[in-house]
Amino acid sequence: MDKILIKGGIPLKGEVHISGAKNAAVAIIPAALLVEGKCTIENVPDISDVDSILAMIRSLGARVEKPDINTVVIDAENVSGCTAQPELAAKMRASYYLMGALIGRMGEAHVPPPGGCNFGTRPIDQHLKSFECLGCMIDTDDTFVNINADDLSGGNVYFDVVSVGATINAILAATLAPGKTILENCAKEPHVVDLANFLNSMGANIKGAGTDIIKIVGVSSLRGGTYSIIPDQIEAGTYMAAAAATRGDVIIKNIIPKHLESITAKFEEMGVTIEEYDEAVRVKADDKPLKSIRVKTLPYPGFPTDLQPPMVVLLATVSGTSVVTEGVWDSRFQYISELEKMDINVDVKGTVATIKGGTPLKGASVSATDLRAGASMVIAALCAEGTTEIDCLRHIDRGYEHIVDKLIAIGAQVERIND
Ligand code: EPZ
């Protein structure tokens, strides 16, 4: 089993290059099933969630080539399957995007309920509601959600909750559906916009992505082309938190500063100096004490839930009491019990974590309990006294490209070992 060993206490300094966005890539790759002709997708992160979604579309008959580690060429001409393999789907949440993509491409989809990180109930009722509004018939058996889309057509969907996945799935299902679709109360995350931009660049007619209301006029076909995925907002925020938590000075490159506004605002409130450039931010926390703050996670443009664990660790390094409220997931603080092995002082009540910061974190052996929890353990280890050993790296590998190399490049003492 692989482990990461980190010797803490070294301020990070230097430059780190951010990869393409995981949550855009895992939506855009299945979207390529809707396209006639070859799609070349650039800036694809080299992470295991991408490997999993590529394996899933291959198993449906798509041809996939990787001319280099960050470029994927997908030719979906020979796709003939409409049943996703359960053992592949269980590996990741985004397997549910095969529902929307197969509805549009095949008129039929059999996809198991998704896997992925476990933070309480993760329903897909809004995804299924949107398919029904577009004329689909759905039944669920022990293994699959079975969707018949013989009567697929445009329709109106009002989402009861703001859901990234349901918004993306509805866009996928509606892109080739005859007629007009109106989606209301949509998620506005950058990866929703990136998916719409990808589909529009291949000939779709999708307007309003990034706002509450998305309007789609179904087109009869999409043509192939080349598209480059946006930088990963969450990976960028993770390195920002690591730089600030170690009281370092790091330039984070290949980012879209606008996507980081809610993060930048909170860091500045803490007293971190942020310098913004066209495609980079400099995070400097080596010259003055930081302040405790309150943070609430919300759908975009609010502070992202996926940066809640890194933020908790950053706040644990700051003297005083900080409060973090989780506003998206019911149960996303389970990782705290693992961090308690490193002497973090956090009291969790429901969706509110009260952090008593400023006492030193201690190196320990911990397990990455999920993707972003794993990232928070890496940050805790970078700040801690002594050496920390992190296992269950499969979670971190799902979403962080070459994390060990990137950390070494900014001065961290970290190595990956096979135990
Ligand atoms: C996406 O998950 C991301 N995953 C998650 O990132 C992220 O935490 C989440 O959006 C919120 O930003 C991918 O993009 C693959 P949601 P998703 O549907 O789409 C409720 C990471 O670390 N809800 O926006 O599954 C739900 O329970 C991962 O990269 C319903 O009630 O999240 C939650 O409270 C982890 N019914 C809220 O909406 C539904 O049908 C938001 O969930 C769907 C969701």
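So, a few notes on the structure that sits alongside this text. (Residues numbered from 1 in each chain as written. Predicted model: local features only at pLDDT ≥ 70, side-chain atom pairs only at ≥ 80, totals over all residues. Heavy atoms only, no water.)

Before going further, it helps to spend a moment on the sheet that holds strand E8 (residues 145-148). Across the sheet, three strands lie side by side as E6-E8-E7; this open sheet has antiparallel pairing. The strands lining the two open edges of the sheet, one partner per strand, are strand E6 (108-111) and strand E7 (137-140). Taking each pair of neighbouring strands and ignoring which way they run, the sheet shows an average axis angle of 10°. Across four bridges, the pairing between E7 and E8 is antiparallel. Counterpart to Ile138 in the pairing with E8 is Ile147. In the packing of helix H4 (residues 97-106) onto the sheet, the strands contacted are E6 and E8, and the crossing angle to E6 comes to about 155°. (Pairing = 2+ DSSP bridges. Helix = DSSP H or I, 4+ residues; strand = E, 2+ residues; numbered from the N terminus. Axes fitted to C-alpha atoms, helices over the stretch in contact; angles between N-to-C directions. Contact = heavy atoms within 4.5 Å.)

Bringing the site of the ligand into the picture now. In the region of the ligand, 24 residues are neighbours, and Gln126, Ser163, Val164, Asp306 and Val328 sit closest. Contacts to the ligand include Asp125, whose side-chain N or O atom sits 2.8 Å from a nitrogen atom. Measuring from an oxygen atom of the ligand, one finds a backbone N or O atom of Val164 at 2.7 Å. Contact with the protein chains covers 91% of the free accessible surface of the ligand, which is 820 Å². At the level of elements, helix H1 (22-31), helix H5 (125-133), helix H6 (164-174) and helix H12 (371-383) are the ones that each hand at least two residues to the shell around the ligand. Considering each element in turn, the shell around the ligand owes the most residues, three residues, to H5. Residues of the shell around the ligand, tallied by class, amount to 10 nonpolar, seven polar and seven charged. (Near = heavy atom within 4 Å. Polar contact = N/O pair within 3.5 Å; in protein donor to acceptor, adjacent residues only side chain to side chain. Areas by Shrake-Rupley, 256 points an atom, 1.4 Å probe, with all protein chains shown as cover. Nonpolar A, V, L, I, M, F, W, Y, C, P; charged D, E, K, R; others polar.)

With that out of the way, let us pick up H6. Most of H6 sits inside the fold, with 10 of its 11 residues counted as buried. Among the residues of H6, those classed as buried are Gly165, Ala166, Thr167, Ile168, Asn169, Ala170, Ile171, Leu172, Ala173 and Ala174. (Buried < 20%, exposed > 50% of the residue type's maximum accessible area, 1.4 Å probe, protein only.)

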